[in-house]
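Given next are the chains, with one letter for each unit.
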Amino acid sequence: MFSSVAFLVILLLTLPVFAIPRTLKYTYTLGLMVAGMVLTSAWSMAVLGGEAPVKEIALFAPAAGSRVVLVIDQLTAFFILVINFAVLIGFLHARGYLAPYEQRMNSLRFSIHYFSYMWLWLSMLMVVMIRDGLSFLIVWEIMALSSFFLVIFEAEERSVMKTGISYLIQMHVGMFFILVAFLVVQDTTGEMSFDALGEYFASNRNLPLFMLFFAGFAIKAGFIPLHTWLPEAHPAAPSHVSGVMSGVMIKMGIYGILRVLIPMQSDLLVTGVIILLVSLLSGVMGVMMAIVQNDLKRMLAWSTIENVGIIGIGIGLGVIGLALDKTALALLGFAGGLLHLLNHSLFKSLLFFNAGSVYHAAHTRNMEQTGGLMKRMPRTAILFLIGSLAISGLPPFNGFISEYIIYMGMFNSLSGATLYHSILIVGSVAALALIGGLAIFCFTRAFGIVFLGEPRTEKAGNAREVNSSMIIPQLVTVALILITGLASPLVVKPVFGIVARMWDIAGLPLVTGAFTANLAHISLAGGILTVLLAALLLYRRYHLARRSVTAGPTWGCGYTAATPRMQYTATSFAYNYNHLAKPLLQNRKEMDEIGEGEIFPRKRSFMSRSDDFFKRVLIDRPTDLTAGLLKKIAVMQTGQIRHYILYAFLFMLLVLLLAMLKIM
Amino acid sequence: MAGFILIAVAAFFFPGIILRTKSIASGRKGPGIFQPLKDVSVLLRKGSVFSDTTGLIFRIAPSVTLVSAAGAMMLLPFAEQKALLSFEGDFILFAYLLALGKFFTIIAALDTGSSFEGMGASREALFSMLVEPAFFVLMATFAMFTGYTSFSVIFNHFFITGNDYVLIYSIIGAYLLAQIAMVENSRLPVDDPKTHLELTMIHEVMILDYSGFDKALIHIGTWLKFTIYGSLIYNLVVPAGWNLFLKIGLFFAVQALFAVVIGFTESFRARNKMNKNPKFILTLSAIALIGFTVILILTDKLA
């Protein structure tokens, strides 16, 4: 009783944000969100702690026939914690990020922003808690709408508005698939709910319905080829919003996929293979596209697609494990996927926040116009470095742990595997290794070009460190990244527990016990190496203190007038790679060659860009075609009333004819 | 523990043997086998010059790289002697630790703001990214063949699976590891450490600005990486269960042979054209897949 009333009160209390004086808006929103987080986190802790396997909270009195029941099981509890953390850190970061907009924008804009932010958070919570189909679709829609309002924060910029609209449309395409899927379920079982899926799957083919749900949820999650909204929407949104969207909102798609997977009973092998292949494509293509981006936030957006791919690889392996009755593969696959989801929500929001700090300080997101920022904003640089190392899956950070678990799932399943299975797994191993290598390429480039060397432009040279209110929340994220990386059993054990209870995997203690020992070894290695490094650096300091240390210019190969413009740029760093990836990325150059007779070449421009193949084929081409077709039909729209009367007459004639011929 | 110490000891001789081989092959009198050690001891006594552009990353990178190599050494077994740290999937940590070192080498090069070092960084990042799948496919094949996922256990079970043709895979694996070592250490045919022009360098150009202590660390790190791969090769070709002293002897023999092979390769072979390198490196992944097919046949999955 208390729970439901408290939750309803929080929902209602979001409204007064419009009426509250401007100076208090932020504090009010923060207070309300913290209250809500304490409440919902307490629910999920109760479930994870094992007080009750499932907690149900009826929002309205059941007597009124209400179906709005919040159901919290293990999976939901996990997602609630992830959502709450990312949203809270994002909002703490928002204070500093939004400060420069205080003068420019009126109070209403801020109210709308905060209101949408709160509702994005609440709708995500409800998405993971609600099982009833109709209510689910409603909160799913609220999630799309509120994030739309968040994306168009700077709506006066034309490109932002355009991106927002395109985002909204694509979200509704996704919703259409989910709606149809639910209708199919209702048609068979008479109930429109996730709970009815088990009944449906028991008596019907599983794959078609799964594919419907998958299409809908994959658009949200950003799986290639359904990712096209993602690289546009993330850069357009303010950084704290991109952080939350990339960190948790796209994970709602993953949640949906998992929710549908749990009750599935047949077709598991083919489902797993489909998920695995789509994820491999997303992983490889995502990071390949990320490397060629010059916009820092767009690069991060593509890298989000890559990481969704890695999460998907884990889930796909898990499903294959279930299908082949390989406990270890199922457990490690799902656990690796879920852990990577958690990890990604940490380091990706960290990276987006830092990209926001860079934007604030250097007033650009274009990597080519930055450089040397580490000297100017050292704290942001260190945070970005930690995020980069973590996202590249390097030890001793958290990304390594989740990739390690996924690798282990693959390697463990290899002994005694069939031909088909071993080819599939070895292919995945190679792809995951390639993704890892490409991620290192991508993030050495991003970090090196943005933060190291000399500033390439004046505005980068004038950059100053952002204030502490933007740094401090990120330290909490870094702490969690390090805990997951260095003390992995602490985090991995609960994740294993969640997976085992959601899928009823037997033989769990056997696997987890041995596996935690491996993780303990990794922690030990991490500890030893950290100590070794510290010792070596201390000795280095002692060593250098007793010798002459002088400063000089960078070696210019004998050339003494080097300028910052001569540094390697983001484009030149990726040049060799670009050359290699040309057949896949179809990068194009636009320039006019210098003619033979042109003795004094005039000023000309050069542009190179990499198009997204899938966007061109799946979005641009059909919309161009439709627009062309509609333009042709628009000939009918003459604006002369007699023509319209003629159309009406023709239509009636047609109806008459059809009636006479008994066609209708 | 034995593995750790042996690798470290072998590392002292390794570069000298390469150097000796090269001087003999080219008919020069050449320096002694301990010349590289002497060079490093000189570096250790010298002071340092740092570029004004560089910052923290440039200063910590050599230490991180060396420690990550030491971490990789901890995971390597020697014959039946278990590694310092041995657990399921240790080779994943092994590969990613080496990648961590590489990450820092690359960003340290970018820290100097030099166009030459940026160029080297870009090349190194590209090449080491391409070589990653080869190693993982190789290890996946081992895991599939032996049913284990730890260096120590894999190597101990490799020869006692009772399959007489396993030597085929041994040879493929040894060849592959030797080639991966060449790419990872930026030697011929991917990169020529003795090239005189910055524009044609990969690894050497990345460390142009280092001096003194840090440069010594980089050299030691490179030696260790050679013997790390050398010890992997040793474990792959020498069966377990022989006399310990014989095995220690064989260990050094394999390392020395590896160094001699590198020396001869570098004496008689020219460096690849830069844009041929990706193809060369991708070929390694293809060879790894051939090895995978060999194992499929050996285990009667593909008949």
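Please read these numbers as outputs of a predicted model, since none were measured by experiment. (Residues numbered from 1 in each chain as written. Chains lettered and ligands numbered in written order. Predicted model: local features only at pLDDT ≥ 70, side-chain atom pairs only at ≥ 80, totals over all residues. Heavy atoms only, no water.)

Q: Teacher, can you tell me more about the overall build of chain A here?
A: Of regular secondary structure, chain A possesses 26 helices and five strands. Against the globule reference of 26 Å for 664 residues, chain A gives a C-alpha radius of gyration of 27 Å, in line with a compact fold. The proportion of buried residues among the 664 residues of chain A is 57%. A separation of at least 24 residues holds for 78% of the contacts in chain A among residues at least 6 apart in sequence. Chain A carries 47 positive and 33 negative side-chain charges, and their two centres are separated by 7 Å. (Helix = DSSP H or I, 4+ residues; strand = E, 2+ residues; numbered from the N terminus. Rg over C-alpha atoms; globule rule 2.2 N^0.38 Å. Buried < 20%, exposed > 50% of the residue type's maximum accessible area, 1.4 Å probe, protein only. Contact = heavy atoms within 4.5 Å. Lys, Arg positive; Asp, Glu negative; His and termini not counted. Charge placed at Lys NZ, Arg CZ, Asp CG, Glu CD.)

Q: Would you mind going over the nonpolar core with me for this structure?
A: In summary, soluble globular proteins display a tendency toward joint burial of nonpolar side chains. Counting residues in each nonpolar core, the largest one holds 340 residues, and the members touching the most others are Phe213(A) and Tyr577(A). When residues of this core are assigned to domains, at least three fall in each of domain 1 (1–266) and domain 2 (272–485) of chain A. (Core = buried A, V, L, I, M, F, W, Y, C linked by side-chain atoms within 4.5 Å. Domains from an automatic or database assignment.)

Q: Help me understand the packing of aromatic side chains, please; the structure alone is not making it clear to me.
A: Describing an aromatic ring pair means giving the distance of the ring centres and the angle of the ring planes. Residue and element names in this part refer to chain A. One pass over the structure, following the stated rule, counts 66 aromatic pairs over all chains. Aromatic pair Phe210 and Phe214: ring centres 5.5 Å apart, planes at 20°, arrangement stacked. In this pair, Phe210 and Phe214 are both assigned in helix H8 (residues 206–221), four residues apart and thus about one turn of the helix distant. Here the aromatic rings of Tyr539 and Tyr542 are separated by 6.0 Å at their centres, their planes lie at 45°, and the arrangement is tilted. Placement of both Tyr539 and Tyr542 in helix H22 (residues 508–545) is noted, with a separation of three residues, approximately one turn of the helix. Under the relative-accessibility criterion, Tyr539 is labelled partly exposed at 40%. For Tyr542, a relative accessible area of 47% puts it in the partly exposed group. It is Lys220 that lies over the ring of Trp140; its NZ or CZ is 5.4 Å from the centre. The lysine or arginine in question, Arg365, covers the ring of Tyr359, its NZ or CZ lying 5.8 Å from the ring centre. (Phe/Tyr/Trp six-rings, centres within 6.5 Å; stacked < 30°, edge-to-face > 60°. Lys NZ or Arg CZ within 6 Å of the ring centre and 35° of its normal.)

Q: Please clarify how the interface of chain B and chain A should be interpreted in this entry.
A: It is common to give the size of an interface as the accessible area lost on bringing the parts into contact. On the side of chain A, 75 residues touch chain B, which itself brings 75 residues to the contact. Here chain B meets chain A over a buried area of about 6,500 Å², counting both sides, of which 75% is carbon and sulfur. There are one salt bridge connecting chain B and chain A. Here Arg540(A) makes a salt bridge to Asp214(B), at a shortest N to O gap of 2.7 Å. Counting across the chain B and chain A interface gives 20 residue pairs in polar contact (both at pLDDT 80 or more). At the level of elements, helix H2 (35–45), strand E1 (48–51), helix H3 (56–74), helix H4 (90–111), helix H5 (115–146), helix H9 (212–237) and helix H11 (277–298) of chain B are the ones that each hand at least two residues to the side of chain B that touches chain A. Split into classes, the residues belonging to the side of chain B that touches chain A amount to 46 nonpolar, 17 polar and 12 charged. In this sheet, E1(B) lies alongside strand E3 (residues 549–552) of chain A in parallel orientation, the contact comprising four bridges. Paired with Ala551(A) across the two strands is Phe50(B), which belongs to E1(B). (Buried area = accessible area lost by both parts, 1.4 Å probe. Salt bridge = Lys/Arg side-chain N within 4 Å of Asp/Glu carboxyl O. Polar contact = N/O pair within 3.5 Å; in protein donor to acceptor, adjacent residues only side chain to side chain. Nonpolar A, V, L, I, M, F, W, Y, C, P; charged D, E, K, R; others polar. Pairing = 2+ DSSP bridges.)

Q: What is the right way to read the domain arrangement of chain A from this model?
A: By domain assignment, chain A separates into domain 1 (1–266), domain 2 (272–485) and domain 3 (617–664). The distance between the C-alpha centroids of domain 1 of chain A and domain 3 of chain A comes to 40 Å.

Q: Is there a simple way to explain H2(B) in this structure?
A: An α-helical turn contains 3.6 residues, so a residue and the one three or four places further along point in the same direction. Residue and element names in this part refer to chain B. Among all positions in H2, only Pro36, Val40 and Leu43 are buried. Considered in projection along H2, the buried side chains sweep an arc of 55° and stay on one side of the axis. Residues of H2 that are buried sit in contact with helix H1 (2–25) and H9. (Arc of directions from axis to C-beta.)

Q: For this particular structure, what's the right way to read unusual backbone geometry?
A: Trans peptide bonds make up most of the peptide bonds, and negative phi angles are found at most residues other than glycine. Cis geometry marks the peptide bond from Ile224(A) to Pro225(A), where omega comes out at 10°. That bond from Pro395(A) to Pro396(A) is cis: its omega, 0°, falls within 30 degrees of zero. Structurally, Pro396(A) is set in the loop between helix H16 (378–391) and helix H17 (398–414). A positive phi is found at Ser186(B), a non-glycine position, where the angle reads about 55°.

Q: What is the right way to look at the pattern of salt bridges in this model?
A: For side chains of opposite charge, pairing can occur when their charged atoms come near one another. Residue and element names in this part refer to chain A. Going through the model one piece at a time under the given rule, you end up with 12 salt bridges over all chains. We note a salt bridge from Arg131 to Asp73, for which the minimum N-O separation is 2.8 Å. In this pair, Arg131 sits in the loop between helix H4 (107–129) and helix H5 (133–151) while Asp73 sits in the loop between strand E2 (69–72) and helix H3 (74–98), placing the two residues 58 residues apart along the sequence. We classify Asp73 as buried; its relative accessible area is 6%. Among the ionic pairs, Glu232 bridges to Arg298, the shortest N-O distance being 3.4 Å. You can see Glu232 sitting in helix H9 (residues 230–236) and its partner Arg298 sitting in helix H13 (residues 296–324), a full 66 residues away along the chain. Owing to a relative accessible area of 25%, Glu232 belongs among the partly exposed residues under this scheme.

Q: I'm lost on the confidence of the model for chain B in this one. Help?
A: Keep in mind that low pLDDT regions are not for reading the predicted coordinates in detail. When pLDDT is averaged along chain B, the result is 87; 97% of the residues meet or exceed 70. Confidence scores differ between elements of chain B, with helix H6 (residues 151–158) of chain B showing the lowest mean pLDDT of 80 and H3(B) the highest of 93. (pLDDT = per-residue confidence, 0-100.)

Q: Explain helix H6 (residues 158–189) of chain A here, please?
A: With 32 residues, H6(A) extends 47 Å between its outermost C-alpha atoms, agreeing within 8% with the 46 Å of an ideal straight helix rising 1.5 Å per residue. After H6(A) finishes, the residue Gly190(A) shows a positive phi value of roughly 80°. (Expected span 1.5 Å × (residues − 1).)

Q: Any chance you could explain the environment of Ala144(A) here in plain terms?
A: All names here are of chain A. Examined against the element boundaries, Ala144 turns out to sit in helix H5. Given a relative accessible area of 4%, Ala144 falls into the buried group. Leaving out residues up to four positions away in the same chain, Ala144 has contacts with Tyr167, Leu168, Met171 and Lys220.

Q: Any chance you could explain the packing of H1(B) against helix H10 (residues 244–268) of chain B here in plain terms?
A: When two helices pack together, their arrangement is given by the angle between their axes and by how far apart the axes lie. All names here are of chain B. At a closest axis distance of 8 Å, the pairing of H1 and H10 adopts a crossing angle of 35°. As H1 packs across H10, the resulting crossing turns out to be right-handed. Classifying every residue of the contact of H1 with H10 by side-chain character gives 18 nonpolar, four polar and two charged. (Axes fitted to C-alpha atoms, helices over the stretch in contact; angles between N-to-C directions. Left-handed = near helix turned anticlockwise from the far one by under 90°.)

Q: Got a minute to help me understand the environment of Ile20(A) in this structure?
A: Residues and elements named next belong to chain A. For Ile20, the position within the fold is in the loop between helix H1 (2–13) and helix H2 (22–48). Given a relative accessible area of 17%, Ile20 falls into the buried group. Each C-alpha atom, one on Ile20 and one on Ser111, is 8.8 Å from the other, the two residues being 91 residues apart in sequence. Those residues within four positions of Ile20 in sequence are excluded, and the remaining contacts are Lys25 and Tyr28.

Q: Even after reading the chapter, I still don't get the environment of Gly316(A), so can you show me in this structure?
A: Residue and element names in this part refer to chain A. Turning to its location among the elements, Gly316 is positioned in helix H13. Take Gly316: its relative accessible area is 0%, and that puts it in the buried class. Sequence separation of Gly316 and Glu306 is 10 residues, and the distance between their C-alpha atoms is 15 Å. The contact partners of Gly316, leaving out residues within four places of it in the chain, are Gly272, Ile275 and Leu276.

Q: Please clarify how the packing of H1(B) against H3(B) should be interpreted in this entry.
A: All names here are of chain B. Running from amino to carboxyl end, H1 crosses H3 at an angle of 130°, the nearest separation of the two axes being 8 Å. When the interaxial angle is binned, H1 and H3 end up oblique. Residues Phe4, Ile7 and Ala8 of H1 pack against Ala70, Met73 and Met74 of H3. (Parallel < 35°, antiparallel > 145°, perpendicular 65-115°, else oblique.)

Q: Looking at this structure, I do not really get a nonpolar patch on the surface. What am I missing?
A: A surface patch of nonpolar side chains, amounting to about 910 Å² of accessible area, comprises Leu646(A), Phe649(A), Leu650(A), Leu653(A), Leu656(A), Leu657(A), Met660(A), Leu661(A) and Ile663(A). Topologically, Ile663(A) is positioned in the segment after helix H26 (641–660). (Patch = residues over 30% accessible without salt bridge, like charges linked within 9 Å, V, L, I, M, F, W, Y side chains within 5 Å. Areas by Shrake-Rupley, 256 points an atom, 1.4 Å probe, with all protein chains shown as cover.)

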